[in-house]
Amino acid sequence: MLASKSLRLGAQAIKGLTRVSHFPKSVCPTTLTRRNPYVQDGELFSTTATGTADVENEEKQKISVTFVDKDGEETQIKVPVGMSMLEAAHENDIELEGACEGSLACSTCHVIVMDVEQYNKLEEPTDEENDMLDLAFGLTETSRLGCQVIAKPELDGLRLALPAATRNFAVDGFKPKPH
Amino acid sequence: MLYLRSSSMATLTAMFSRKFSSLTRRSLRVCVVGSGPAGFYTAEKMLKAYDEAEVDIIDRLPTPFGLVRSGVAPDHPETKIVINQFSRVAHNERCSFFGNVTLGSSIFLSELRQIYHVVVLAYGAESDRVLGIPGEELSGVHSAREFVWWYNGHPDLSQLAPDLKNTDTAIVLGQGNVALDVARILLRSPAELAVTDIASHALSALRESSIRKVYLVGRRGPVQAACTAKELREILAIKGLYVNIKEADLLITSADEEEMKNNRIRRRVFDLLSKASSSSHPHPSSGQKELHFTFFRKPEKFLESNDRNGHVAGLHFEKTTLKEVEGSGKQIAAGTGQYEDLECGLVLKSIGYKSLPIDGLPFDHSKGVVPNIRGRVLSCDAAQPEDGLYVCGWLKRGPTGIIATNLYDADETVASISEDIKRKEPTSEFAITKPGREGLLQLLESRMVQVVTFRDWEKIDSEEKRLGSLIGKPREKVTDWRNLLEIAAK
């Protein structure tokens, strides 16, 4: 417990010193959101809809999403319908990692849906997403990968917590699995 | 050649001196040793935490990214996407990469500690655990790491040339994800591998391979298998593969159930194995490739071939049963006194990597890691932290975990660094100017070391992509030290 406390203080100390944005300036958001050519399950997070009139409406529509970081700080953003939470986070400088850039090969964009009702509005995670969630730090019953949660009108008001992974790593005796 | 090296070094130093003078005097000079995920995540977090940090990443190879390049399987391109993020870090104007710089020969730890305020060792685990049983030195017995480095074109092992032509059977010892990787590479159709960045020497050897049967052997049962669901699902899905899992091995005890209850991965892995067992045919059809999951077998000795002197012909196993370690909820393998032999012509030991010690660095030989408290290196005798010396990644916590594990690991090490800096600030320790990059480059120049910068690596990168595009691969790795250095020096 003691260790966890001092570590959190340490994390806050870093935070206080942080002046550089999440990515170096050369980062172009489009490189983060580009679809990966190797992913066969690409249709899972495809944003193309079939209707035409609906598409126009949907594309203009944005929902409100709140990210709560590990220190409890909240950031509310507007996310266009059809966009993944990973992309949305990156467009808004929210510190959500995306090591594999949404290709379902890592667990770094792990988010916790804070409201069970909201969680139930999401489609069930696929086997492939579950395989990655297996490896997520601080997994909960309502954990999802940010790249697989796509904004839709019913999700307006969605609240997502970023897991306090550092604590789990240092204190809870986390046993990582081989890659 | 020497002339070329020293002249390009001089240009380099001049270049950096100019850049250097424009920076503030009170830079925090940081050196990270090792450019794998642990090294790059540490660098990224240090740059983020301190505007005044100047981070140099050194690596003994001319190429960056550590195991993302030489460990991740060629048919897992999506796992390598993280290279994009690491490259953005390397392009940060306060970050430099210096490849072909070996700690312990090009530069020494004591020197780095003099030149830099903070030294973070993240050089991983470049050796292997051994079984310590008779016959381990026979030819045809390799560590999985060697085999992986070979098919991934690591310049140290491009000459390994494992014999895949004189046998139809390979035994893989271990059932973790590395074991599954090497088994999958042996069993997958070479046509599918031909469109990956697998080293061409490995692709040709696999095309001529006569291996059609692979045993994945574990000391314990299916509930304890160390792999994860993704890799298991993948190998079970290989087209036309006959999978054999003995039904009797799938009978579980209450202790097994308890283990699974507490571990989602174990539960999902067991489910996959059970499903694979029930859906498989009783016998392979002729010519079909086979994968056998063999549980409850402990290797006792390697058997030598009668016809091929010094070559492995099989393994002698003791059958095991699970025994609960009281109070821990864990079960270990205990011998039963019954034995069984399995014939094979190739053995890949996938029983774990091991870090290597270096001069002047405290090292825990039994655990194979550097003794540390949350990344602060502890001195040999006392439990006193070494000033300004830190570890991250496998060297810190042992060779387990996924790439993302290093994200949290780096968080922890950088938090320790920050606490120490904060504590020192009142005494103005950071007012002490350290030469950092300039000092490093001067030393390397005096030793005629050809430093490979990130721009030099990008030359190698473009060349590899160009070579790959000629034969329908995303990249054709340059696997020879001299070629790598020549391309870098162009």
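Residues numbered from 1 in each chain as written. Chains lettered and ligands numbered in written order. Predicted model: local features only at pLDDT ≥ 70, side-chain atom pairs only at ≥ 80, totals over all residues. Heavy atoms only, no water.

**Student:** What am I meant to see in the overall build of chain A here?
**Tutor:** For chain A, the count of helices and strands is seven helices and five strands. In sequence order, the secondary structure elements of chain A are arranged as α-α-α-β-β-α-β-α-α-β-β-α. Counting over 179 residues, chain A shows a buried share of 49%. Pairs at least 24 residues apart make up 65% of the contacts formed inside chain A by residues separated by at least 6 positions. About 9,200 Å² of surface is accessible on chain A, with carbon and sulfur atoms providing 49% of the total. (Helix = DSSP H or I, 4+ residues; strand = E, 2+ residues; numbered from the N terminus. Buried < 20%, exposed > 50% of the residue type's maximum accessible area, 1.4 Å probe, protein only. Contact = heavy atoms within 4.5 Å. Areas by Shrake-Rupley, 256 points an atom, 1.4 Å probe, with all protein chains shown as cover.)

**Student:** So what exactly am I meant to see when it comes to the confidence of the model for chain A here?
**Tutor:** Caution is warranted with low-pLDDT regions, since their predicted coordinates should not be read in detail. Residue and element names in this part refer to chain A. This prediction gives chain A a mean pLDDT of 72; 59% of its residues lie at or above 70. Per-element confidence in chain A ranges from a low mean pLDDT of 35 for helix 1 (residues 2–17) to a high of 98 for strand 4 (residues 143–145). Contacts of residues 1–50 to residues separated by more than four positions or lying in other chains number 84 contacts, the stretch itself having pLDDT below 50. The low-confidence segment residues 165–179, where pLDDT is below 50, has 50 contacts with residues more than four positions distant or belonging to other chains. (pLDDT = per-residue confidence, 0-100.)

**Student:** Got a minute to help me understand the UniProt feature "domain: FAD/NAD(P)-binding" (unreviewed entry) in chain B in this structure?
**Tutor:** The positions UniProt marks with the feature "domain: FAD/NAD(P)-binding" (unreviewed entry) are residues 29–207 of chain B. Summarising residues 29–207 of chain B: 36% helix, 16% strand, and an end-to-end C-alpha distance of 49 Å. (UniProt positions renumbered as here; feature names shortened; annotations may be inferred.)

**Student:** Looking at this structure, how should I read the sheet that holds strand 1 (residues 28–33) of chain B?
**Tutor:** Residues and elements named next belong to chain B. Taken together, seven strands build an open sheet; the order of strands is 3-2-1-4-18-17-16 and the sheet is mixed. This sheet does not close on itself; its edge strands, each paired only once, are strand 3 (95–98) and strand 16 (372–373). Running at roughly 150 degrees to strand 18 (residues 385–391), helix 14 (residues 405–424) makes contact with strand 1, strand 4 (118–121), strand 16, strand 17 (376–378) and strand 18 of the sheet. (Pairing = 2+ DSSP bridges. Axes fitted to C-alpha atoms, helices over the stretch in contact; angles between N-to-C directions.)

**Student:** Can you help me understand the domain arrangement of chain B in this one?
**Tutor:** Many analyses report the size of an interface as the accessible area lost when the parts associate. Residues and elements named next belong to chain B. Here the domain parsing of chain B yields domain 1 (6–126 + 355–489) and domain 2 (128–353). Spacing between the C-alpha centres of domain 1 and domain 2 amounts to 34 Å. Taken together, the 29 residues of domain 1 in the interface contact 27 residues of domain 2. Taken together, the two surfaces of domain 1 and domain 2 that pack against each other cover about 2,300 Å², and 50% of this comes from carbon and sulfur. Area buried by domain 1 at its contact with domain 2 is led by Pro74, Asp75 and Thr479, which between them contribute 25% of it. Arg188 is the salt-bridge partner of Asp75, the closest N and O atoms lying 2.7 Å from each other. (Domains from an automatic or database assignment. Buried area = accessible area lost by both parts, 1.4 Å probe. Salt bridge = Lys/Arg side-chain N within 4 Å of Asp/Glu carboxyl O.)

**Student:** For this particular structure, what's the right way to read the sheet that holds strand 13 (residues 330–343) of chain B?
**Tutor:** Strands in a sheet are paired, the pairing made by backbone hydrogen bonds, and the direction either parallel or antiparallel. Residue and element names in this part refer to chain B. Across the sheet, three strands lie side by side as 11-12-13; this open sheet has antiparallel pairing. In this open sheet, the two strands that pair with only one neighbour each are strand 11 (297–304) and strand 13. On average, each strand axis in the sheet is inclined to that of its neighbour by 20 degrees, with strand direction left out of account. Pairing of strand 12 (residues 312–325) with strand 13, which is carried by eleven bridges, proceeds in the antiparallel orientation. Within strand 13, the residue paired with Thr320 across the bridge is Gly335. Contacting strand 12 and strand 13, helix 11 (residues 254–261) runs over the sheet at an angle of about 115 degrees to strand 13.

**Student:** Sorry, what's going on with the nonpolar core here?
**Tutor:** Nonpolar side chains tend to gather and get buried jointly when the protein is soluble and globular. Core analysis: the biggest nonpolar cluster contains 61 residues, and Tyr151, Leu164, Leu186, Val214, Leu232 and Phe293 of chain B have the highest contact counts within it. The element best represented in this core is helix 7 (residues 177–187) of chain B, accounting for eight residues. Here this core spans two domains, since at least three of its residues come from each of domain 1 (6–126 + 355–489) and domain 2 (128–353) of chain B. Each residue touching Leu232 of chain B, except ones within four places of it in the same chain, is listed here: Leu180, Cys227, Val269, Leu272, Leu273 and Phe293 of chain B. Counting 49 residues, the second largest nonpolar core, distinct from the first, contains Phe137 of chain A together with Phe454, Ile460 and Leu484 of chain B. (Core = buried A, V, L, I, M, F, W, Y, C linked by side-chain atoms within 4.5 Å.)

**Student:** Just to check I follow, could you spell out the packing of helix 7 of chain B against helix 10 (residues 229–236) of chain B for this structure?
**Tutor:** The geometry of a pair of packed helices is captured by two quantities: the angle between their axes and the separation between those axes. Residues and elements named next belong to chain B. For the pair helix 7 and helix 10, interaxial distance at closest approach is 10 Å and the crossing angle is 20 degrees. Considering their axes alone, helix 7 and helix 10 lie roughly parallel with respect to each other. Remark: the crossing between helix 7 and helix 10 carries left-handed chirality. Residues Asn177, Leu180, Asp181, Ala183 and Arg184 of helix 7 lie in contact with helix 10, whose contacting residues are Glu231, Leu232, Glu234 and Ile235. Looking at side-chain class alone, the contact of helix 7 with helix 10 contains four nonpolar, one polar and four charged residues. (Parallel < 35°, antiparallel > 145°, perpendicular 65-115°, else oblique. Left-handed = near helix turned anticlockwise from the far one by under 90°. Nonpolar A, V, L, I, M, F, W, Y, C, P; charged D, E, K, R; others polar.)

**Student:** I'm lost on the pairing of strand 3 of chain B in this one. Help?
**Tutor:** For a regular strand, side chains alternate in direction, first toward one face of the sheet and then toward the other. Residue and element names in this part refer to chain B. Burial along strand 3 is two-sided: the face carrying Cys95 and Phe97 and the face carrying Ser96 and Phe98 are both buried. Here strand 2 (residues 53–58) runs beside strand 3; their pairing, made up of four bridges, is parallel. What sits directly across from Asp56, in strand 3, is Ser96.

**Student:** Hey, could you run me through helix 14 of chain B in this one?
**Tutor:** Residues that lie three or four places apart on an α-helix share one face, since the helix turns once every 3.6 residues. An ideal rise of 1.5 Å per residue puts 28 Å on 20 residues; helix 14 of chain B measures up with 29 Å between its terminal C-alpha atoms. Summarising burial for helix 14 of chain B: 17 of the 20 residues are buried, a large majority. (Expected span 1.5 Å × (residues − 1).)

**Student:** Is there a simple way to explain the pattern of salt bridges in this structure?
**Tutor:** All names here are of chain B. For the coordinates displayed, the defined rule picks out 48 salt bridges over all chains. In this structure, the salt-bridge partner of Asp411 is Lys45, at a minimum N-O distance of 3.3 Å. Of this pair, Asp411 sits in helix 14 while Lys45 sits in helix 2 (residues 37–49), placing them 366 residues apart in sequence. By relative accessible area, Asp411 is classed as buried at 16%.

**Student:** Is there a simple way to think about unusual backbone geometry in this case?
**Tutor:** When glycine is set aside, most residues are seen to have a negative phi, and most peptide bonds are trans. Residues and elements named next belong to chain B. Look at Phe65: it is not a glycine, yet its phi comes out positive at around 90 degrees. You can see Phe65 is positioned in the loop between strand 2 and helix 3 (67–70). Phi at Arg374 is positive, roughly 45 degrees, even though this residue is not glycine. On the secondary structure map, Arg374 appears in the loop between strand 16 and strand 17. According to the relative accessible area criterion, Arg374 is buried, its value standing at 17%.

**Student:** In this structure, what is going on with the UniProt feature "binding site: NADP(+)" (unreviewed entry) in chain B? I would like to understand it.
**Tutor:** Residues and elements named next belong to chain B. As recorded in UniProt, the sites labelled "binding site: NADP(+)" (unreviewed entry) are Gln175, Gly176, Asn177, Val178, Arg219, Arg220, Glu231 and Gly401. Not counting chain neighbours up to four residues away, the residues in contact with Gln175 comprise Leu180, Leu216, Val217, Gly218, Ala225, Ala226, Cys227, Thr294 and Phe295. Along the chain, the position of Gly401 falls in the loop between helix 13 (394–397) and helix 14. Its relative accessible area of 3% is what places Gly401 among the buried residues.

**Student:** Explain the environment of Val223 of chain B to me, please; I cannot follow it from the model alone.
**Tutor:** Residues and elements named next belong to chain B. Within the secondary structure, Val223 is located in the loop between strand 8 (213–217) and helix 10. Overall, the relative accessible area of 1% leaves Val223 in the buried class. Residues Val223 and Leu251, spaced 28 residues apart in sequence, show a C-alpha to C-alpha distance of 10.0 Å.

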